[in-house]
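Breakdown of the fold
So you can see what is in the structure, the chains are spelled out below.
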Amino acid sequence: MKSIAVLTSGGDAPGMNAAIRAVVRTGIAKGWEVYGVQHGYYGLMSGDMQIMGQRDVGGIVQQGGTVLGSARALEFKTVEGRQKALRELNKRGIEGLVVIGGNGSQTGAYALSEMGFPVVGIASTIDNDLYGSEMTIGVDTALNIALEAIDRLKITASSHQRAFLLEVMGRDCGYLALMAGIAGGAEFISIPEIPTEPEDIARELHAAYERGKKHGIIVVAEGAKYNANALVAYFKEHKAELGFELRATILGHIQRGGAPTAFDRLLATRLGAAATSALARGEYGVLVGMNKSAMTTTALSVVVANKKTVDFALIELQKELDG
Ligand code: ATP
């Protein structure tokens, strides 16, 4: 192998830059040329890629986002789209590709590898919903940002004796909400995996007030049965029965933009190095991830066929911790 390419795809995640840097520098250390592809699969199909030197990835390890840019590229879902990408790769003599991204991106990586091209994926999404890696790049940073928001809301909630609602990301997976809620000491956590009714939340908050609590913090994942806006509307409409209104804060994209934590930088760096090692030993069509603190590989066919779930025991734990 003489030449590889790297791209970031899907939602940006803090730590992606550290992964790009590790792929470029460990690739160069192996004597390869490393191309950086702009805007994910979109740039792969349009041939928007340039050779990167060691200095091109200087000063980015501490930056959130991705210097290569990311984009949604629907055309890549078609065979014609992927053939276009293969032509661009072959034209430049590129023999391997590293795809840094979440579920959709790894589905694309799998589709390309099924067409015979050597692809290695790197687990990167703040949702932590990717099978094959206990932790994905960006989760720890996003979690810490959510936690800071909970801590701040708690102070206001205590001062005014009010119930506050914080919505965090997670369309299908409640990992962020669950972990942030436990770490922040939330009174109630609502996640997509467990459908919750507004009455359940009201009951829990009433019980907490009766026990003498001065605040009520509810953490809800965006993909929960009732998201923040739906809950606020429901509580407003049923104020007479439920007893109070909720104030909502939706964190939204604020969760993505932070400087990566030490954990995310180290994870991304190790995964980047593991990806070039996999390519060097001829192990393709795999996702590199972290399991039991070690760098591991899982076939992309297995990654895309499985769904990662949250640890349901932690939901029970949260109930016991709510004092
Ligand atoms: P995140 O989890 O952070 O949102 P993601 O990687 O899941 O990231 P998506 O928007 O789902 O983000 O996917 C990113 C890109 O991957 C898509 O724009 C498309 O180019 C490619 N992709 C997604 N699904 C497929 C598929 N079934 N086949 C080929 N390519 C795909």
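Rules used throughout
- Residues numbered from 1 in each chain as written.
- Predicted model: local features only at pLDDT ≥ 70, side-chain atom pairs only at ≥ 80, totals over all residues.
- Heavy atoms only, no water.
- Near = heavy atom within 4 Å.
- Polar contact = N/O pair within 3.5 Å; in protein donor to acceptor, adjacent residues only side chain to side chain.
- Helix = DSSP H or I, 4+ residues; strand = E, 2+ residues; numbered from the N terminus.
- Nonpolar A, V, L, I, M, F, W, Y, C, P; charged D, E, K, R; others polar.
- Domains from an automatic or database assignment.
- Contact = heavy atoms within 4.5 Å.
- Buried area = accessible area lost by both parts, 1.4 Å probe.
- Salt bridge = Lys/Arg side-chain N within 4 Å of Asp/Glu carboxyl O.

**Quick notes on the site of the ligand**
Taken together, the neighbourhood of the ligand is formed by 16 residues, with Arg72, Ala73, Gly102, Gly104 and Ser105 sitting nearest. Residue Ala73 places a main-chain N or O atom 2.7 Å away from an oxygen atom belonging to the ligand. Contact distances for the ligand include 3.3 Å between an oxygen atom and a backbone N or O atom of Asn103. Ranked by the residues each element gives to the shell around the ligand, the list is headed by helix H4 (residues 103–113), at 5 residues. Across the shell around the ligand, the residue classes tally to 3 nonpolar, 10 polar and 3 charged.

**Regarding the domain arrangement of the chain**
Parsing the chain into structural domains produces domain 1 (3–138 + 260–305) and domain 2 (141–256). Centre-to-centre separation of domain 1 and domain 2, based on C-alpha positions: 35 Å. Counting residues at the interface gives 12 residues for domain 1, matched by 11 residues for domain 2. For the pairing of domain 1 and domain 2, the buried interface totals around 1,000 Å² over both sides, and the portion due to carbon and sulfur atoms is 51%. Seen at the junction of domain 1 and domain 2, the total is 0 salt bridges. Linking domain 1 with domain 2 are 5 residue pairs in polar contact (both at pLDDT 80 or more), by the criterion used here. Split by residue class, the side of domain 1 that touches domain 2 holds 4 nonpolar, 4 polar and 4 charged.

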